[in-house]
Amino acid sequence: MIDDYLARIGQLIRDARQHRGWTQSQLAEALSTSQSAVNRIERGNQNISLEMIARIGEALDSEIVSLGYAGPMHLRVVGGRRLNGAIDVKTSKNACVALLCGSLLNSGRTVLRRVARIEEVFRILEVLNSIGVRTRWINEGADLEITPAAELDMDAIDLEAARRTRSIIMFLGPLMHRMEQFKIPYAGGCDLGTRTVEPHMMALRRFGLEVTATEGVYHATVTPGTSPDRPIVLTERGDTVTENALLAAARHDGTTVIRNASSNYMVQDLCFFLEELGVRIDGVGTTTLTVHGVPHIDRDVDYSPSEDPVEAMSLIAAAVVTESELTVRRVPLEFLEIELAVLEGMGLDHDLGPEYKADNGRTRLADLTVRPSKLEAPIDKIHPMPFPGLNIDNAPFFAAIAATAHGSTMIHDWVYDNRAIYLTDLNRLGGRLQLLDPHRVLVEGPTRWRAAEMMCPPALRPAVVVLLAMMAAEGTSVLRNVYVINRGYEDLAERLNSVGAQIETFRDI
């Protein structure tokens, strides 16, 4: 029992430290102790006094550090408020985790600018740190520096952190260049139903990787010198599948052709990053990628991932659902053009500013102002498609948007088994959504939202959709256990409050 409490306290301290942007060494200096002592405390391997807990809380300026388990975070939302002003889009969650995995290819120092400070990133950092990679937040916590280890200790991998992220599967591609045998735990993340990892295995097998799965662990064995003798045709045009194939091809000494590749935003960011590492890639932005790999990479690189189109869509939806005038700045336009075309067809009143380049020098951005609009249901159903179609992760936001429009809207989420089911949680807030099958939901609008108290859906995008509906509902709502939102959004409540929302974070006493 004591060990369990120590582990829980250690996790709270680790989360608070990372939220502040400190390394273990910085916290150790503030406490006049050693980095190894902080490491033991965070792992729950050292007894800790009440005095030390108080000192840590004071050093980190965090009430989360307390005796016992603080419990999950909740949100209290006072709805019916209009948003106003301007809000910036943060960098892409999915690009950042791919770049963190990609840093394993490099023997040099990697600096990533404006990295999203979210739980998904923290989990990957915990895994990297546990196997020997050194990371630290620099420039007042805005950027992330990654220094590789000469040898990785896979036996020391943080299993708990690895199991809490679906992105751990992307360790397969880079790790196969560093060792002939290794193990990683099964991928976790959102509860979106069963998704097979076989497309990953089929692609990586061509590079000599064989994987067997036993008791929650992937056992990987690499046959050195194996080379694809023909183009790799992905059986699924998935983002992480394409990224894994790219990571494997990047240090393959030869030319690899990947067909039916995803050309989505995070894949393009990974391609731009790999090009900074000296890997030439032809066909970026298309479904056929030709990778000219280099067997060894040792470069000091500085890269800025682009903004997140899914977060941009979240903020646009927030303005629509709350009937607000809001300017969303740094919108990655090329990855939202279909969504904006659908919204325009529904009657959205908006202005689009001139285009400019993201900090990566490649992605097109623009500022978008949304105004209160009388929307009509679209004639056609809303259904996602691989880029350049409507983004798979943006489809759920149309459930809240369609609920504000006049008429019936069909949303067909054919990718995930469970996500359409979670959208029906909007009915608790006054929505009229009818589940037709696990993938299709019919939305009737307009909706008179009402406040409610409910548990957060266990999937990121539906959880945010529920939060947006609570912002539109008159009265006070409570959304409990919002860890899944923190996986993908940095300080979302605080940032929405900056443009007029009233959202309070709290924990059970």
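Residues numbered from 1 in each chain as written. Predicted model: local features only at pLDDT ≥ 70, side-chain atom pairs only at ≥ 80, totals over all residues. Heavy atoms only, no water.

In the nomenclature of an unreviewed UniProt entry, the chain is known as UDP-N-acetylglucosamine 1-carboxyvinyltransferase of Streptomyces zhaozhouensis. Turning to the chain, the UniProt annotation filed under Sequence similarities (unreviewed entry) states: "Belongs to the EPSP synthase family. MurA subfamily." (UniProt positions renumbered as here; feature names shortened; annotations may be inferred.)

Draft legend 1. Geometry of the confidence of the model for the chain. Residue-level pLDDT values for the chain average 90, and 94% of them are 70 or greater. Below a pLDDT of 50 lies the segment residues 64-69, which in the model reaches 19 contacts outside its immediate sequence neighbourhood of four places, other chains included. Residue range residues 189-195 is modelled with pLDDT below 50. Its contacts to residues more than four positions away, or to other chains, number 28 contacts. (pLDDT = per-residue confidence, 0-100. Contact = heavy atoms within 4.5 Å.)

Draft legend 2. Inspection of the pairing of strand β12 (residues 288-292) at higher detail. The buried fraction of β12 is high, at 4 of 5 residues. One ladder, built from 5 bridges, connects strand β10 (residues 255-259) with β12; its direction is antiparallel. Among the inter-strand pairings, arginine 259 is bridged to a residue of β12, identified as threonine 288. In terms of strand pairing, strand β11 (residues 280-282) meets β12 through 3 bridges, oriented antiparallel. Within β12, the residue paired with isoleucine 281 across the bridge is valine 291. What sits between the antiparallel neighbours β11 and β12 is a turn of 5 residues, in which glycine 283 has the positive phi angle 90°. (Buried < 20%, exposed > 50% of the residue type's maximum accessible area, 1.4 Å probe, protein only. Helix = DSSP H or I, 4+ residues; strand = E, 2+ residues; numbered from the N terminus. Pairing = 2+ DSSP bridges.)

Draft legend 3. Fine view of the pattern of salt bridges. Applying the stated rule across the entire model yields 34 salt bridges. The partner of arginine 364 in a salt bridge is glutamate 355, with the nearest N and O atoms 2.9 Å apart. Close ionic contact of arginine 461 with aspartate 393 constitutes a salt bridge, the shortest N to O distance being 4.0 Å. Of this pair, arginine 461 sits in helix α16 (residues 460-472) while aspartate 393 sits in the loop between β17 (364-371) and α14 (397-404); the two residues are 68 residues apart in sequence, bridging distant segments of the chain. Here arginine 461 and aspartate 393 have matching classes, each one buried. Among the charged side chains, a network of salt bridges with common partners joins Arg14, Glu119, Arg123, Glu126 and Asp158. (Salt bridge = Lys/Arg side-chain N within 4 Å of Asp/Glu carboxyl O.)

Draft legend 4. Highlighting the sheet that holds strand β19 (residues 432-437). The strand order β18-β20-β19 describes an open sheet built from 3 strands, whose pairing is antiparallel. What marks the edges here is a single partner per strand, and that holds for β18 (407-412) and β19. Across the sheet, the mean angle from the axis of one strand to that of its neighbour is 20°, orientation sign disregarded. Pairing geometry for β18 and strand β20 (residues 440-445), over 6 bridges, is antiparallel. (Axes fitted to C-alpha atoms, helices over the stretch in contact; angles between N-to-C directions.)

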